Amino acid sequence: MTNPVYWAVLVGMTVLLMEQGLPVSTQGDSQSDNKVMDNITVRQGETVFLRCAQGDVVTHTAWLNRSSILYAGEDKWSVDPRVSLVTLNQEEFTIKIENVDMTDEGQYVCAVQTSSRPRTTSVHVLVQVPPKIINLSRDLVVNEGSNVTLMCQASGKPEPSISWKLVSSSGDLASDDEYMEIPSITRQRAGTYECSAVNEIDTDVQTVDITVNYAPTVSEGRDVGVTLGQRGVLECEADAVPEPAFEWYKDDRRIFNGFDGLEIVKTASLSKLVFFNVSDGDYSNYTCVALNKLGSSNTSFLLFVVIEPTSSTLLQGPRAVQDGSGGSMGVHLHTCLLLLVFLPLLLKF
């Protein structure tokens, strides 16, 4: 390895030149041996190449970062495995840093010792970082009418812009801020909310689910007519969150599953009261009650009798018509017989 004392002196001279101030945006200066190259912009995770022109009169050369030697000629001083030598000849001295991170951002200096005096070439490495959402509200369960605030914070470089939107909405509910305020939330505002963090590198998206609880609302009951001995069903539907429980009543008496041969069938927000063989005692008023922790709602039904035509009633109608026409024919026959009796007497006169 090259004499460490020599490199310590060279590093000291380089740092002194940097502290005195280097040109900010030049490609070279005729009155100075110090040069500043254009900034190098690289994305996080990529590889950056640092190139430095040499010359025939160069005796020693090194790449430094924050006064620490990365490479002194062919000798690697950095312990970072991501840093490696690419090219070293009379024309250029190039090293590379793989898998660049934010800690690699800053100024790098190529120090060259010529036969006359040292010169430096500096370059500033800018690391761009894709956005990453680092702080997000958790999924929420709230009661209808509550005030809700959603928060979304993200890191990245350039600094990302943040926006909120309700995924299931038509687009009228959105925010271009880290915070989204939803005053007096309604059941229509329940759903999935999407936070987007965007910069020129990439986009990061995460979601928050909001569940809105509300008391049951029961659809109006529909009266049902059933023939004696047939099967009948009363259906009760309710809208509620959380999912409602159901209770059935006949007049003021609660009905339980299996009561008098009845069955109560529940599927999500629908409850059915099933009569397998309707009897005279089943014809009555029934009440369905839907309830959850926020309240209850009810509706009433009437199970009424429907009389179907029987074979006897079907025959009775035609017979009645037949009897009526027979009576009419009898009257006409009686009239004809009277005429036959009295006609000869009338002819005598």
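Along each chain, residues carry numbers from 1 onward, in the same order as the chain's sequence is written. Local features in this predicted model are restricted to residues of pLDDT 70 or higher, and side-chain atom pairs are both shown and tallied only at a pLDDT of 80 or more, whereas totals for entire chains, interfaces and linings draw on every residue. Excluding hydrogens and water, the side-chain values take into account all heavy atoms of the structure.

Brief notes about the nonpolar core
Side-chain atoms within 4.5 Å are what join buried Ala, Val, Leu, Ile, Met, Phe, Trp, Tyr and Cys residues into a set we call a nonpolar core. Exposure categories follow from relative accessible area, calculated using a 1.4 Å probe and restricted to protein chains: below 20% of the type maximum is buried, above 50% is exposed, and the middle band is partly exposed. Core analysis: the biggest nonpolar cluster contains 20 residues, and L234, W248, L273, F275, Y286 and L303 have the highest contact counts within it. Pairs of residues are marked as contacts when any of their non-hydrogen atoms sit within 4.5 Å. Dropping the residues within four chain positions of it, L234 is found in contact with V224, W248, S271, K272, L273, F275, Y286, F301 and L303.

With respect to the confidence of the model for the chain
Every residue carries a pLDDT, the predictor's confidence in it, which falls somewhere between 0 and 100. The share of residues in the chain with pLDDT of 70 or more is 79%, and the mean pLDDT across the chain is 84. Within the model, the stretch residues 313-338 combines pLDDT values under 50 with one contact to residues more than four positions away or in other chains.

Some details on the pairing of strand β24 (residues 284-292)
Strand pairing is defined by DSSP finding a minimum of two bridges between the two strands. Secondary structure counts use DSSP, requiring at least four H or I residues in a row for a helix and at least two E residues in a row for a strand, with both numbered from the N terminus. In this structure, strand β20 (residues 245-250) lies alongside β24, joined through six bridges in antiparallel fashion. Directly across from E247, in β24, lies its bridge partner V289. Sheet analysis places β24 next to strand β25 (residues 295-305), joined by nine bridges and oriented antiparallel. Within β25, the residue paired with S284 across the bridge is L303. Linking two consecutive strands that pair antiparallel, namely β24 and β25, is a turn of two residues.

With respect to the state of the cysteines
Here, the term disulfide refers to a pair of cysteine sulfur atoms separated by no more than 2.5 Å. Under the defined criterion, the tally for this structure stands at three disulfides. Through a disulfide, C152 is tied to C195; the S-S separation comes to 1.9 Å. On the sign convention where negative is left-handed, the bridge of C152 and C195, at about -75° about the S-S bond, is left-handed. A residue pair is termed long-range when its members are at least 10 positions apart, and C152 in strand β12 (residues 148-157) and C195 in strand β16 (residues 191-198) qualify at 43 residues. This pair shows no difference in class: C152 is buried, exactly as C195 is. Between the sulfur atoms of C236 and its disulfide partner C288 the distance amounts to 2.0 Å. When the S-S torsion is -80°, as for the bridge of C236 with C288, the disulfide is left-handed. Here the residue C236 occupies a position in strand β19 (residues 232-241), and C288 occupies one in strand β24, the gap between them amounting to 52 residues. The class of C236 is buried, set by a relative accessible area of 1%. Look at the chain and number its bonded cysteines as they come in the sequence; the links are 1-2, 3-4, 5-6.

Let's talk about the packing of aromatic side chains
Two aromatic rings, taken as a pair, are described by how far apart their centres are and by the angle between their planes. Any two rings among Phe, Tyr and Trp, with Trp reduced to its six-membered ring, count as a pair given centres within 6.5 Å; such a pair is stacked if its planes are under 30 degrees apart, edge-to-face if over 60, and tilted if neither. Per the counting criterion, the structure on display carries two aromatic pairs. Here F275 and Y286 contribute two aromatic rings whose centre-to-centre distance is 5.4 Å and whose plane-to-plane angle is 75°, an arrangement assigned as edge-to-face. Pair noted here: F275 is in strand β23 (residues 270-275) and Y286 is in strand β24, with a separation of eleven residues, a long-range link. In this structure F275 comes out as buried when scored by relative accessible area, which is 1%. The cationic tip of R187 hangs over the ring face of Y214; the distance from NZ or CZ to the ring centre is 3.8 Å. Definition used: whenever NZ (Lys) or CZ (Arg) falls within 6 Å of the ring centre and also within 35 degrees of the ring normal, the charge is taken to sit over that ring.

Things to note about the sheet that holds strand β7 (residues 83-88)
Spatial strand order, β3-β8-β7: three strands in an open sheet with antiparallel pairing. In this open sheet, the two edge strands, each paired with only one partner strand, are β3 (48-53) and β7. Each strand axis lies, on average, 20° off the axis of its neighbour in the sheet, ignoring direction. In this structure, β3 lies alongside strand β8 (residues 92-97), joined through six bridges in antiparallel fashion. Of the residues in β8, the one forming a bridge with R51 is T94. Structural elements are reduced to axes, namely lines fitted to C-alpha atoms, with helices fitted over the stretch in contact, and the angle between N-to-C directions of any two is expressed from 0 to 180 degrees.

Some remarks on the side chain of S284
By the secondary structure assignment, S284 is in strand β24. In protein, a polar contact means a hydrogen-donor-capable atom and an acceptor-capable atom, both N or O and within 3.5 Å, with residues adjacent in sequence counting only if both atoms are side-chain atoms; elsewhere, any N or O pair within 3.5 Å suffices. A polar atom in the side chain of S284 sits 3.3 Å from the side chain of D251. Beyond its immediate sequence surroundings of up to four residues, S284 is in contact with K250, D251, F301, L302 and L303.

Description of a nonpolar patch on the surface
Together, L302, F304 and V306 make up a nonpolar patch on the protein surface, roughly 200 Å² of accessible area in all. With respect to the element layout, F304 can be found in strand β25. On the accessibility criterion, F304 (35% relative accessible area) is partly exposed. Within this analysis, patches are made of residues with over 30% relative accessible area and no salt bridge. Like charges are joined at 9 Å or less; nonpolar side chains (Val, Leu, Ile, Met, Phe, Trp, Tyr) at 5 Å or less. Areas reported here follow the Shrake-Rupley algorithm with a probe of radius 1.4 Å; residue values treat only the protein chains shown as occluding. Salt bridges are defined by distance alone: a side-chain nitrogen of Lys or Arg within 4 Å of a carboxyl oxygen of Asp or Glu.

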